[in-house]
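Results of the structural survey
Below are the chains, spelled out letter by letter.
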Amino acid sequence: QLRKPVVEKMRRDRINSSIEQLKTLLGKEFVKQQPDSKLEKADILEMTVCYLRQSASPRPATGNEGYSRCVQEIVHFLSRDEMKTETQRKLLNHFQAAQNSPAHQIPVKEATPVKSALWRPW
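Being a predicted model, the structure only gives us computed values, none of them experimental.

Reading guide: rules and limits
Residues numbered from 1 in each chain as written. Predicted model: local features only at pLDDT ≥ 70, side-chain atom pairs only at ≥ 80, totals over all residues. Heavy atoms only, no water. Helix = DSSP H or I, 4+ residues; strand = E, 2+ residues; numbered from the N terminus. Buried < 20%, exposed > 50% of the residue type's maximum accessible area, 1.4 Å probe, protein only. Contact = heavy atoms within 4.5 Å. Areas by Shrake-Rupley, 256 points an atom, 1.4 Å probe, with all protein chains shown as cover. Salt bridge = Lys/Arg side-chain N within 4 Å of Asp/Glu carboxyl O. Core = buried A, V, L, I, M, F, W, Y, C linked by side-chain atoms within 4.5 Å. UniProt positions renumbered as here; feature names shortened; annotations may be inferred. pLDDT = per-residue confidence, 0-100.

1. Section: the overall build of the chain
For the chain, the helix and strand inventory stands at five helices and zero strands. In the chain, the succession of helices and strands from N to C terminus is α-α-α-α-α. Within the chain, the fraction of its 122 residues that count as buried is 18%. Relative to all contacts within the chain whose residues are 6 or more apart in sequence, the contacts with residues 24 or more apart total 58%. For the chain, the exposed surface amounts to about 10,100 Å²; the carbon and sulfur share of it is 58%.

Rendered as C-alpha cells:
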C-alpha cells in the first residue's frame, strides 16, 4: 500500500516530462498559435495533435502550381484540334511529357485541416 503512491508519482512524472518535451519540440508552433497565453498540459497535447495531423496530411506544392495549371491549359488547347500541324504535335508531345514528369505534377487539392482554437471552459 505504501508503494502505490510512489508508483503513481512516477507515472505522473513521466507524463509531465513527456508533455514538457512536446512543448520544447513544438515550441515554435505554440508561439505561432498562442503567443501570449500560458499553456496548460491539455493545450500542449491538443496543439501537438493538430500539428501532427497537419504534417501527416499531404499538402499541394504551391511553387509549381501555376506552371502546372498553365501546362494543363496548353495541353487542353492543343488537343482540341483534330488536324494538327507538325509544330502543334511537337508542342503537345513536349507539354504532355512535362505534365507527366515528377517535378511538374499537377497537385491534387485536398481539404486543408482547419486550425481549431483551443478548448477553454471559461
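Still to come is the rest of the account.
2. Some remarks on the pattern of salt bridges
Opposite charge on two side chains permits pairing when their charged atoms draw close. If you walk through the whole model with that rule in mind, you get four salt bridges. When the shortest N-O distance is used, the salt bridge between Arg11 and Glu8 registers 2.6 Å. On the criterion of helical spacing, the pair formed by Arg11 and Glu8 is a turn pair, its members being three residues apart in helix H1 (residues 3-25). Looking at Glu8, the relative accessible area reads 30%, which means it is partly exposed. Glu86 is paired through a salt bridge with Arg89; the nearest N and O atoms lie 3.1 Å apart. One end of the pair is Glu86 and the other is Arg89, both in helix H5 (residues 86-100) and three residues apart, which spans about a single turn. By relative accessible area, Glu86 is classed as partly exposed at 46%. Classification of Arg89 as partly exposed rests on a relative accessible area of 39%.

3. Things to note about the nonpolar core
Membership of the largest hydrophobic core is limited to five residues, which are Val71, Val75, Leu78, Leu92 and Phe95. Put simply, the parts of the chain that give this core at least two residues each are helix H4 (65-80) and H5. Counting residues per element, this core draws most heavily on H4, which supplies three residues. With residues up to four places along the chain from it excluded, the contact list for Val71 reads Phe95 and Gln99.

4. So, the UniProt feature "domain: Orange" (unreviewed entry) in the chain
Sequence positions flagged by UniProt for "domain: Orange" (unreviewed entry) are, in local numbering, residues 65-95. Between the end C-alpha atoms of residues 65-95 there is a gap of 15 Å, over a span that is 84% helix and 0% strand.

5. So, the confidence of the model for the chain
Summary statistics for the chain give a mean pLDDT of 75 and a share of 70% for residues scoring 70 or more. Confidence, expressed as mean pLDDT per element, reaches its minimum in the chain at helix H2 (residues 27-33) with 72 and its maximum at H1 with 91.

6. Brief notes about the environment of Leu25
By the element assignment, Leu25 lies in helix H1. Of the residues examined, Leu25 reaches a relative accessible area of 68% and is grouped as exposed.

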